[in-house]
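# Inside the fold
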Amino acid sequence: MLLRLIAALSLLLTPLFLTTPSEAHGPTRQKIALTTEVPAAPADVWAVIGNFQDMSWHPAVYSTTGEGGNAVDATRVLTLSEEGGPTISEVLYKYSAEKMSYSYRITDVKVEVLPVTNYSSHLTVKPGKDGGSLIEWKGAFYRGYPNNDPPENLNDEAAVAAVTAVYKAGLDALHTRFSGN
(Lines give C-alpha, C1' and ligand atoms only; values in the text may rest on other atoms or scores of the structure.)
Protein backbone atom coordinates (compact mmCIF):
# COMPACT_ATOMS: atom_id res chain seq x y z
CA MET A 1 0.00 0.00 0.00
CA LEU A 2 2.77 2.42 0.90
CA LEU A 3 4.61 1.66 -2.34
CA ARG A 4 1.49 2.45 -4.39
CA LEU A 5 1.07 5.77 -2.57
CA ILE A 6 4.70 6.71 -3.23
CA ALA A 7 4.36 5.73 -6.91
CA ALA A 8 1.17 7.77 -7.29
CA LEU A 9 2.76 10.82 -5.65
CA SER A 10 5.85 10.56 -7.83
CA LEU A 11 3.66 10.48 -10.96
CA LEU A 12 1.81 13.59 -9.79
CA LEU A 13 4.99 15.48 -8.97
CA THR A 14 6.99 14.52 -12.06
CA PRO A 15 5.74 17.43 -14.23
CA LEU A 16 6.97 19.90 -11.62
CA PHE A 17 10.54 18.69 -12.06
CA LEU A 18 10.52 18.44 -15.85
CA THR A 19 10.00 22.11 -16.67
CA THR A 20 12.73 23.72 -18.70
CA PRO A 21 14.50 26.83 -17.36
CA SER A 22 12.60 29.07 -19.79
CA GLU A 23 9.32 27.73 -18.50
CA ALA A 24 10.38 28.12 -14.89
CA HIS A 25 10.54 31.91 -14.89
CA GLY A 26 9.44 34.91 -16.89
CA PRO A 27 11.47 37.52 -18.75
CA THR A 28 14.86 38.87 -17.73
CA ARG A 29 15.31 42.54 -16.79
CA GLN A 30 17.06 44.33 -19.64
CA LYS A 31 19.55 47.15 -19.08
CA ILE A 32 21.08 49.66 -21.44
CA ALA A 33 23.32 52.69 -21.08
CA LEU A 34 24.20 55.21 -23.77
CA THR A 35 26.48 58.23 -23.51
CA THR A 36 27.54 61.17 -25.61
CA GLU A 37 30.18 63.83 -25.10
CA VAL A 38 29.49 67.44 -25.97
CA PRO A 39 31.79 70.49 -25.95
CA ALA A 40 29.69 72.42 -23.46
CA ALA A 41 30.08 72.96 -19.74
CA PRO A 42 28.05 70.56 -17.54
CA ALA A 43 26.08 73.49 -16.07
CA ASP A 44 25.02 74.56 -19.58
CA VAL A 45 23.89 71.04 -20.47
CA TRP A 46 22.09 70.64 -17.13
CA ALA A 47 20.28 73.93 -17.76
CA VAL A 48 18.72 72.29 -20.84
CA ILE A 49 17.91 68.79 -19.53
CA GLY A 50 17.79 69.23 -15.75
CA ASN A 51 14.15 70.29 -15.50
CA PHE A 52 12.03 67.13 -15.20
CA GLN A 53 9.00 69.13 -16.36
CA ASP A 54 10.60 70.11 -19.71
CA MET A 55 11.65 67.46 -22.19
CA SER A 56 11.41 69.74 -25.22
CA TRP A 57 15.04 68.92 -26.02
CA HIS A 58 13.99 65.43 -27.21
CA PRO A 59 12.86 65.37 -30.86
CA ALA A 60 10.12 62.77 -30.26
CA VAL A 61 8.43 64.87 -27.56
CA TYR A 62 5.76 67.26 -28.81
CA SER A 63 4.87 68.59 -25.36
CA THR A 64 5.35 67.95 -21.65
CA THR A 65 2.84 68.67 -18.91
CA GLY A 66 3.24 67.85 -15.26
CA GLU A 67 3.08 68.74 -11.61
CA GLY A 68 5.58 68.97 -8.79
CA GLY A 69 8.58 70.54 -10.51
CA ASN A 70 11.73 68.61 -9.65
CA ALA A 71 10.52 67.28 -6.29
CA VAL A 72 10.42 63.56 -5.63
CA ASP A 73 7.03 62.18 -6.75
CA ALA A 74 6.64 64.92 -9.38
CA THR A 75 4.78 63.68 -12.44
CA ARG A 76 4.91 64.43 -16.13
CA VAL A 77 3.05 63.35 -19.23
CA LEU A 78 4.97 63.34 -22.49
CA THR A 79 2.90 63.75 -25.64
CA LEU A 80 4.79 62.28 -28.57
CA SER A 81 5.01 63.38 -32.20
CA GLU A 82 2.07 65.78 -32.46
CA GLU A 83 -0.85 67.28 -30.60
CA GLY A 84 -3.10 64.41 -29.53
CA GLY A 85 -0.27 61.92 -30.10
CA PRO A 86 0.47 58.94 -27.87
CA THR A 87 1.49 59.68 -24.29
CA ILE A 88 3.88 58.37 -21.67
CA SER A 89 3.25 59.12 -17.97
CA GLU A 90 6.26 59.23 -15.65
CA VAL A 91 7.11 59.91 -12.02
CA LEU A 92 10.35 61.33 -10.60
CA TYR A 93 11.83 59.29 -7.77
CA LYS A 94 15.28 60.81 -7.34
CA TYR A 95 16.65 64.27 -8.16
CA SER A 96 19.98 65.96 -7.43
CA ALA A 97 20.81 69.31 -8.99
CA GLU A 98 24.19 69.10 -7.25
CA LYS A 99 25.01 65.76 -8.93
CA MET A 100 23.20 66.84 -12.12
CA SER A 101 21.18 63.64 -12.12
CA TYR A 102 17.61 62.46 -11.90
CA SER A 103 15.79 59.15 -11.97
CA TYR A 104 12.25 58.44 -13.05
CA ARG A 105 9.98 55.57 -13.96
CA ILE A 106 7.14 55.11 -16.39
CA THR A 107 3.78 54.75 -14.70
CA ASP A 108 1.67 54.40 -17.84
CA VAL A 109 2.46 53.65 -21.48
CA LYS A 110 0.83 51.45 -24.08
CA VAL A 111 3.17 48.69 -25.26
CA GLU A 112 2.35 49.74 -28.83
CA VAL A 113 4.10 53.05 -28.06
CA LEU A 114 7.07 51.65 -26.12
CA PRO A 115 7.19 47.85 -25.77
CA VAL A 116 8.34 47.77 -22.13
CA THR A 117 7.04 47.21 -18.61
CA ASN A 118 8.52 48.17 -15.24
CA TYR A 119 10.75 50.79 -16.84
CA SER A 120 13.07 53.05 -14.85
CA SER A 121 15.66 55.48 -16.15
CA HIS A 122 18.52 57.69 -14.98
CA LEU A 123 19.80 60.80 -16.77
CA THR A 124 23.11 62.30 -15.63
CA VAL A 125 25.51 65.03 -16.76
CA LYS A 126 29.16 64.61 -15.74
CA PRO A 127 32.28 66.64 -16.48
CA GLY A 128 33.87 65.50 -19.73
CA LYS A 129 37.22 66.16 -21.31
CA ASP A 130 38.45 69.67 -22.07
CA GLY A 131 35.67 71.35 -20.05
CA GLY A 132 32.93 69.52 -21.93
CA SER A 133 30.23 67.19 -20.67
CA LEU A 134 29.46 63.51 -20.69
CA ILE A 135 25.71 62.86 -20.83
CA GLU A 136 24.67 59.40 -19.67
CA TRP A 137 21.20 57.88 -20.06
CA LYS A 138 20.63 54.49 -18.47
CA GLY A 139 17.53 52.38 -18.24
CA ALA A 140 16.27 49.07 -16.91
CA PHE A 141 13.02 47.43 -17.97
CA TYR A 142 11.22 44.25 -18.90
CA ARG A 143 9.86 43.49 -22.34
CA GLY A 144 6.30 44.45 -23.16
CA TYR A 145 4.99 40.88 -22.98
CA PRO A 146 5.50 39.45 -19.48
CA ASN A 147 4.81 35.79 -20.30
CA ASN A 148 6.85 33.17 -22.10
CA ASP A 149 6.90 33.08 -25.92
CA PRO A 150 6.28 36.78 -26.58
CA PRO A 151 5.27 38.03 -30.01
CA GLU A 152 8.16 39.52 -31.98
CA ASN A 153 7.05 43.12 -31.42
CA LEU A 154 7.00 42.65 -27.61
CA ASN A 155 10.08 40.47 -27.03
CA ASP A 156 13.39 41.41 -25.35
CA GLU A 157 15.01 42.45 -28.62
CA ALA A 158 12.12 44.76 -29.51
CA ALA A 159 12.21 46.36 -26.05
CA VAL A 160 15.98 46.93 -26.17
CA ALA A 161 15.78 48.31 -29.73
CA ALA A 162 12.95 50.70 -28.84
CA VAL A 163 14.60 52.11 -25.70
CA THR A 164 17.95 52.36 -27.48
CA ALA A 165 16.28 54.35 -30.27
CA VAL A 166 14.67 56.73 -27.74
CA TYR A 167 17.97 57.34 -25.96
CA LYS A 168 19.96 57.67 -29.18
CA ALA A 169 17.52 60.22 -30.65
CA GLY A 170 17.67 62.31 -27.47
CA LEU A 171 21.44 62.13 -27.11
CA ASP A 172 21.97 62.83 -30.82
CA ALA A 173 19.75 65.93 -30.53
CA LEU A 174 21.78 67.14 -27.54
CA HIS A 175 25.04 66.45 -29.37
CA THR A 176 23.82 68.48 -32.35
CA ARG A 177 22.57 71.29 -30.11
CA PHE A 178 25.86 71.65 -28.23
CA SER A 179 28.30 70.72 -31.00
CA GLY A 180 26.65 72.36 -33.96
CA ASN A 181 26.92 69.11 -35.96
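Described below are features of the structure shown in this document. Residue indices follow the written sequence of each chain, beginning from 1 at its first position. In keeping with the model being predicted, local features are shown solely for residues with a pLDDT of at least 70 and side-chain atom pairs are shown and tallied solely at 80 or more, while totals for entire chains, interfaces and linings include all residues. Side-chain calculation: all heavy atoms of the structure are included, whereas hydrogens and water are not.

This next bit is on the overall build of the protein. Secondary structure summary: the protein contains 4 helices and 7 strands in total. Helix and strand definitions follow DSSP, with helices as H or I runs of at least four residues and strands as E runs of at least two, each counted in order from the N terminus. Overall, the protein shows an N-to-C arrangement of helices and strands of α-α-β-α-β-β-β-β-β-β-α. For every residue, the accessible area obtained with a 1.4 Å probe (protein chains only) is divided by the maximum for its type, and the residue is called buried under 20%, exposed over 50%, and partly exposed between those limits. Within the protein, the fraction of its 181 residues that count as buried is 36%. Residue pairs in contact within the protein that sit at least 24 positions apart in sequence constitute 51% of those at least 6 positions apart. Note on areas: these come from Shrake-Rupley sampling with a 1.4 Å probe, and a residue is covered only by the protein chains present in the view. Of the roughly 10600 Å² of accessible surface on the protein, 56% is carried by carbon and sulfur atoms. When checking whether two residues touch, look at their non-hydrogen atoms; a contact exists if any pair is within 4.5 Å.

A helix's residues, less one, multiplied by 1.5 Å, set its expected span. Between its terminal C-alpha atoms helix 4 (residues 156–179) stretches 33 Å, which fits the 34 Å expected from 24 residues at 1.5 Å a residue. In this structure, the buried side of helix 4 is in contact with strand 1 (30–38), helix 3 (42–49), strand 6 (116–127) and strand 7 (133–143). For the purposes of these results, a polar contact is taken to be a pair of N or O atoms within 3.5 Å, where, inside protein, one atom must be able to donate a hydrogen and its partner to accept one; residues adjacent in sequence count only when each atom of the pair is a side-chain atom. If you check the start of helix 4, you find a side-chain oxygen 3.2 Å away from the backbone N of E157, and it comes from N155. After helix 4 finishes, the residue G180 shows a positive phi value of roughly 80°.

Let us look at the packing of helix 3 against helix 4. Angles shown run from 0 to 180 degrees and are taken between the N-to-C directions of axes, each axis being a line fitted to C-alpha atoms and, for helices, limited to the stretch in contact. Direction vectors running N to C along helix 3 and helix 4 enclose 130°, while the axes themselves pass 12 Å from each other. With respect to their mutual orientation, helix 3 and helix 4 come out oblique. In the packing of helix 3 onto helix 4, the handedness of the crossing is right-handed. Contacts between helix 3 and helix 4 involve D44, V45, V48 and I49 from the former and L174, R177 and F178 from the latter. Each angle receives one of four descriptions, namely roughly parallel if under 35 degrees, roughly antiparallel if over 145, roughly perpendicular if within 65 to 115, and oblique otherwise. Handedness of a crossing is defined here by the sense of rotation of the near helix relative to the far one, left-handed for an anticlockwise turn of less than a right angle and right-handed for a clockwise turn.

Tracing the chain through its elements places H58 in the loop between helix 3 and strand 2 (61–67). Within the structure, H58 has its side chain in polar contact with the backbone nitrogen of G170 (distance 3.3 Å). Contact partners of H58, with chain neighbours within four places excluded, come to W137, V166, A169 and G170.

Turning to the packing of aromatic side chains, a few remarks are in order. Here a Phe, Tyr or Trp ring, Trp counted by its six-membered ring, pairs with any other such ring whose centre lies within 6.5 Å, and the pair is stacked when the planes are under 30 degrees apart, edge-to-face when over 60, and tilted otherwise. By the definition in use, this model includes 10 aromatic pairs. Ring centres of Y95 and Y102 lie 6.1 Å apart, and the angle between their planes is 20°; on these two criteria the pair is classed as stacked. Judged by relative accessible area, which is 24%, Y95 ranks as partly exposed. Residues Y102 and Y104 carry aromatic rings whose centres are separated by 6.1 Å and whose planes lie at 45° to one another, so their mutual orientation is tilted. In this pair, the class of Y102 matches that of Y104, namely buried. Put simply, the rings of W46, F52, Y95, Y102, Y104, Y119 and F141 pair up and form one aromatic cluster. Here, a charge over a ring is recorded when the distance from Lys NZ or Arg CZ to the ring centre is within 6 Å and its angle to the ring normal is within 35 degrees. Over the ring of Y104 we find R76, and its NZ or CZ is 4.8 Å from the ring centre.

Turning to the environment of R143, a few remarks are in order. One can find R143 in strand 7. C-alpha of R143 to C-alpha of P115: the two residues are 28 residues apart in sequence and 6.2 Å apart in space. A polar atom in the side chain of R143 sits 2.7 Å from the backbone oxygen of Y145.

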